[in-house]
Every structure is written in structure tokens, then in C-alpha cells.
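Geometric and topological summary
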Amino acid sequence: MATREITGSVSVQTAPINVTAGSYTRPLAIVTTLFFIWGFLTCLNDILVPHLKSIFDLSYAHVMLIQFAFFSAYFLFSVPWSRFVNRIGYQRTMVVGLLTMACGAFLFLPAASVASFPLFLTALLVLAAGITGLQVAANPYVALLGKPQTASSRLDLTQAFNSLGTAVAPKIGGLLILSAAPLAVEQLRQLAPQALQTYRVQTAASVKLPYTVIGVALVLLAALIGTAKLPTIEHATSRAGAKVSDSIWKHPNLIYGAIGIFAYVGAEVSIGSFLVNYFSLSEIAGFSAKTAAGFVSFYWGGAMIGRFLGAPLLRKFKPGYLLAICAIIAASLVGASMASGGHTAMWVILAVGLFNSIMFPTIFSLGVAELGPLTGNGSGILNMAIVGGAILPVLQGVIADHIGIHHGFILPVICYLYILFYALKGSKPNSERYATV
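About the cut-offs
Residues numbered from 1 in each chain as written. Predicted model: local features only at pLDDT ≥ 70, side-chain atom pairs only at ≥ 80, totals over all residues. Heavy atoms only, no water. Core = buried A, V, L, I, M, F, W, Y, C linked by side-chain atoms within 4.5 Å. Buried < 20%, exposed > 50% of the residue type's maximum accessible area, 1.4 Å probe, protein only. Helix = DSSP H or I, 4+ residues; strand = E, 2+ residues; numbered from the N terminus. Contact = heavy atoms within 4.5 Å. Axes fitted to C-alpha atoms, helices over the stretch in contact; angles between N-to-C directions. Parallel < 35°, antiparallel > 145°, perpendicular 65-115°, else oblique. Left-handed = near helix turned anticlockwise from the far one by under 90°. Patch = residues over 30% accessible without salt bridge, like charges linked within 9 Å, V, L, I, M, F, W, Y side chains within 5 Å. Areas by Shrake-Rupley, 256 points an atom, 1.4 Å probe, with all protein chains shown as cover. Salt bridge = Lys/Arg side-chain N within 4 Å of Asp/Glu carboxyl O. Phe/Tyr/Trp six-rings, centres within 6.5 Å; stacked < 30°, edge-to-face > 60°. Lys NZ or Arg CZ within 6 Å of the ring centre and 35° of its normal. pLDDT = per-residue confidence, 0-100. Nonpolar A, V, L, I, M, F, W, Y, C, P; charged D, E, K, R; others polar. Expected span 1.5 Å × (residues − 1). Bend = angle between axes of the 7 residues up to and from the residue.

**Thoughts on the nonpolar core**
Core analysis: the largest hydrophobic core is formed by 141 residues, its most contacted members being Tyr211, Phe279 and Tyr416. By residue number, the principal contributor to this core is helix 1 (residues 21-56), which donates 18 residues. The contacts of Phe279, once residues within four sequence positions are left out, are Ile284, Ala285, Gly286, Phe287, Ala292, Phe295, Met346, Ile349 and Leu350.

Below, the structure written as C-alpha cells:
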């Protein structure tokens, strides 16, 4: 993406915008609504996984194509969206992203009408393409909307509302999408082809109402963002002819941070995607899919609480140290769940959400530290790394198909150990990394 000198139009982001706390409180609140909506939509995938698995009789590896289609959008579209930001600015990019999301939401209607798994995957890809645009624009915008010393805290606070969306999504999605008990695999395989297709269409229809409402809400939100008076980050707008003698590859904190985002999102999504099926196991809780979906809210709710608690803590303590503590505890909790059973294993794995809380905003802010005019490009790289949510859940699905869900969580443990390395060593910016004593 940026292996050589950057010439032409670049996003010059060397200092925070010059606004008072009172002047950016309102725009920060408006942009925070975006964090809520994409968190809600992302977590609905955890409900789609067991729903579509039962409808189409899929293996764990196969059904994880839901997460693969969704999170691969970050890899495919982050660079194009970062160019959008450079050309049309943060606010207009957010509007285009919301309208793209609306198109993806409305695609769920034909996908349900014909009960086509590939069409469901297409709808998810389009929806996630729009969310990618929001991420590329909103994350650095929030980080720059104030003092750089409090960037991690500010981004953590907005991410808390993202977690609010993820916390309520499983409960609402479970009630609306998982309202009917699915047929058992043996019953599905006994149906004639025409009867099977009729059953699939009838069962898949439960997604129509929620995604129609979502699509309409996204269009209205695009209108709100488009007409809102958001402050322009003057030095973050494109400057034709500007030349920057720097490269993203000269900033190890960004490169290691991209791997950290890959590991974190992969671990978080892998855990969340399997919770409904995990809690349905007789040796864990033996819940129905609808009941299990309600408990998934505790996982995402823990992340929300952790982010609200983390915002002030990140102002008082060094972000890298807090990140290291959370990584150690998260890895230990996942390991404890694998080593135990029953409701103990259930509550221990749910507690991981609390310590996932500050990871994304902290890794992101540490990753873009000291990038200056490369901040926009760095944001694109970090958002590309969210593709970890596409790859690692599929890999965990393969592991689960071979050794079972219970012990398939070894993959997130490895991810958290890498995050520990990043917190203590990999996150150092160049001013610290190459400092002479």
C-alpha cells in the first residue's frame, strides 16, 4: 500500500484539531451512534451462525463462512475506503458507508425469499463493506478529535457504545430470528427436496423483519450524519502535491499492531461465534439455541462494561501495561474454560468479554501513534487486519469439527499471548524504540 514515498494527495495528520472540549462533545456523540450500529450488526452474525447452520445442515467449518464473508470485507475494502477518506473527507465517507450498509441489509430479503446460503453470504459481504467504510473513517476521526494523550481513552469510550450494540444484539436477534425451534438434522435429511426447500424458506423468513428495520434505520442515520455540522480536521484533508518522506513500513508499532488487530478480532469473533453451540452441549449447559443466545449478551455486555471502566483507567495508566494485564487474564480464562465443564466453563468463558474490552481501541491507538501524515494510510492497514475475524473462526471451525468445540478454544489463547507481546514490546513507537540513552 505504501512501500515508497507518498506523493500527490495524502492525509496530513500531524496534530489534533484545535477545538475545545465543549466544541467536540456534540460531534463525538453523533459519531458514537455509528459505533453502536456496527457493533449491533456485527454481533447479529452470532445469531445467524446457529440459525443458518440448522437451516442448511452445515458443518462448523462451513457455517463459519458467515464470518469469513463478513470480515473478509475489511481486507478487500479498507484500502479503497482509506482513499475515499483522503478524497472526500471523513464525514462524506461515513455517509457513503451507511448507504452501502443499507444495501446489504436489504439484500437479506431476497436471500431469505429463496433460502440461498450464497446470497446470504453476498448480503453479509456488502453489509460489511459499508461497515469497513465507517471503521476507516470513524476510528481515526475520534482519535484525532482532541488531545493525542487521551486518544486511547476517547476511542475506548466510543467503543463502549459499540459494545452496547453487541450486548443487546444477541438478545434481540435471539427473540426475532431464533423464535422457532429448528428441526433436528435427522428430520431434515428425511424431507423430500421440495419439502426441504419450503421449510428453509419458511424458517429463513425470520430475518426479513429485523433486517428491513435495520436498512431503513441506516438510511435515516446517513441523512443525519450527512446534514450534521461535524468539525473538519484541516490537516487531515487531502493536499495535492504534498510529499511525505516516510513509509508505514518504517513504523514497527503499526505493523505489529496490524497483527495484533488480526489476533484480537479473530479471538473475539471465534469465541462469540461458538458460544450458542458451546452452551448447547450437554457437558456445558444443555441450553436450547434461543436460551443460549440470551447468555451470549453477557459476553458482549462484559466488553461494554470494561470499556466504560477502561476509559478513565487509560487516562491514568500506561495503555500498554493495561493491555498486557487484560491479555494475560483473557488467556487464563479461556484456558480455564477448556479445563472445566458445566456452568463453571460457561461463566468463565463469558468473563473473557470483560477483558477483551480495551484491546481494540488500545491496539489501534498504539498502532497509529507517531504516524503523522501516514495516519490515514495506517488506519487502512489496521482495518484490513480485521480480516482476522474471517480467517480464525473458520480455522477454529475446522479444529472443532475434529476435536470438538470444548477444546477448540486453544486458538484464542494463542492470539492473546501475541497481544501480550505487542503490549510489552511491539507497541513501542519509534521515539521509544530507537531512543538513545
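This is not the end of the story, as more comes after the structure.
**Focus on the packing of helix 10 (residues 252-280) against helix 18 (residues 410-426)**
Running from N to C, helix 10 and helix 18 cross one another at 150°; their axes reach a closest spacing of 9 Å. Between helix 10 and helix 18, the crossing angle belongs to the class labelled roughly antiparallel. As for the relative orientation of helix 10 and helix 18, their crossing is left-handed in sense. Of the residues in helix 18, those touching helix 10 at Pro252, Asn253, Tyr256, Gly257, Ile259, Gly260, Ala263, Tyr264, Ala267, Ser270 and Ile271 are Pro412, Cys415, Tyr416, Tyr418, Ile419, Phe421, Tyr422 and Gly426.

**A word on unusual backbone geometry**
Despite not being glycine, Ala115 shows a phi value in the positive range, around 50°. Following the sequence through the fold, Ala115 ends up in the loop between helix 4 (108-114) and helix 5 (117-144). The phi torsion at Glu370 lies on the positive side, around 65°, for a residue other than glycine. Note on Glu370: relative accessible area 45%, which makes it partly exposed.

**Description of a nonpolar patch on the surface**
Together, Leu99, Phe106, Val216, Val219 and Leu220 line one region of the surface with nonpolar side chains, adding up to about 420 Å² of accessible area. Residue assignment for the nonpolar patch shows that the elements contributing at least two residues are helix 3 (65-106) and helix 9 (208-227). Looking at where Leu220 falls in the secondary structure, it is placed in helix 9. Using a relative accessible area of 60% as the deciding quantity, one classes Leu220 as exposed.

**Notes on the packing of aromatic side chains**
One pass over the full model with this rule turns up 22 aromatic pairs. Judged by centre distance (6.0 Å) and plane angle (35°), the rings of Tyr278 and Phe279 are tilted. Take Tyr278 and Phe279: they sit in the same class, and that class is buried. Counting every residue linked through ring pairs, the aromatic cluster contains Phe287, Phe295, Phe298 and Trp347. One Lys or Arg, Lys53, reaches over the ring of Tyr60 and ends 4.6 Å from the middle of that ring.

**Re the confidence of the model for the protein chain**
Low pLDDT marks regions whose predicted coordinates should not be analysed in detail. Looking at the protein chain as a whole, its pLDDT mean stands at 84, while 88% of the residues score no less than 70. Across residues 1-22 the pLDDT falls below 50, and counting only partners more than four positions away or on other chains, this stretch makes 70 contacts in the model. Between residues 235-242, whose pLDDT stays under 50, and residues either more than four places distant or in other chains, the model counts 31 contacts.

**Things to note about the packing of helix 17 (residues 388-403) against helix 18**
Where helix 17 contacts helix 18, the axes come no closer than 9 Å and their chain directions differ by 140°. What the angle tells us is that helix 17 and helix 18 run oblique. Where helix 17 approaches helix 18, its residues Leu392, Leu395 and Gln396 are matched on the opposing element by Leu411, Pro412 and Cys415. Broken down by class, the residue content of the contact of helix 17 with helix 18 amounts to five nonpolar, one polar and no charged.

**Some remarks on helix 3**
Residues three or four positions apart in an α-helix share a direction because the helix packs 3.6 residues into each turn. The end-to-end C-alpha separation of helix 3 is 20 Å, well short of the 62 Å expected for 42 residues at 1.5 Å each. Of all the bends found along helix 3, the most pronounced is centred on Ile88 and spans about 120°.

**Quick look at the side chain of Ser337**
Checked against the element boundaries, Ser337 lands in helix 12 (residues 319-339). Setting aside anything within four residues of it in sequence, one finds Ser337 in contact with Tyr278, Ala345, Val348, Ile349 and His406.

**Description of helix 17**
For helix 17, spanning 16 residues, the distance from its first C-alpha to its last is 22 Å, which sits close to the expected 22 Å at 1.5 Å a residue. Turning to helix 17, its buried residues number three or more, namely Gly388, Gly389, Ala390, Leu392, Pro393, Val394, Gln396, Gly397 and Ala400. Each element contacted by the buried residues of helix 17 is listed here: helix 2 (60-63), helix 3, helix 10 and helix 18. In the stretch just after helix 17, Gly404 is the one whose phi turns positive, near 95°.

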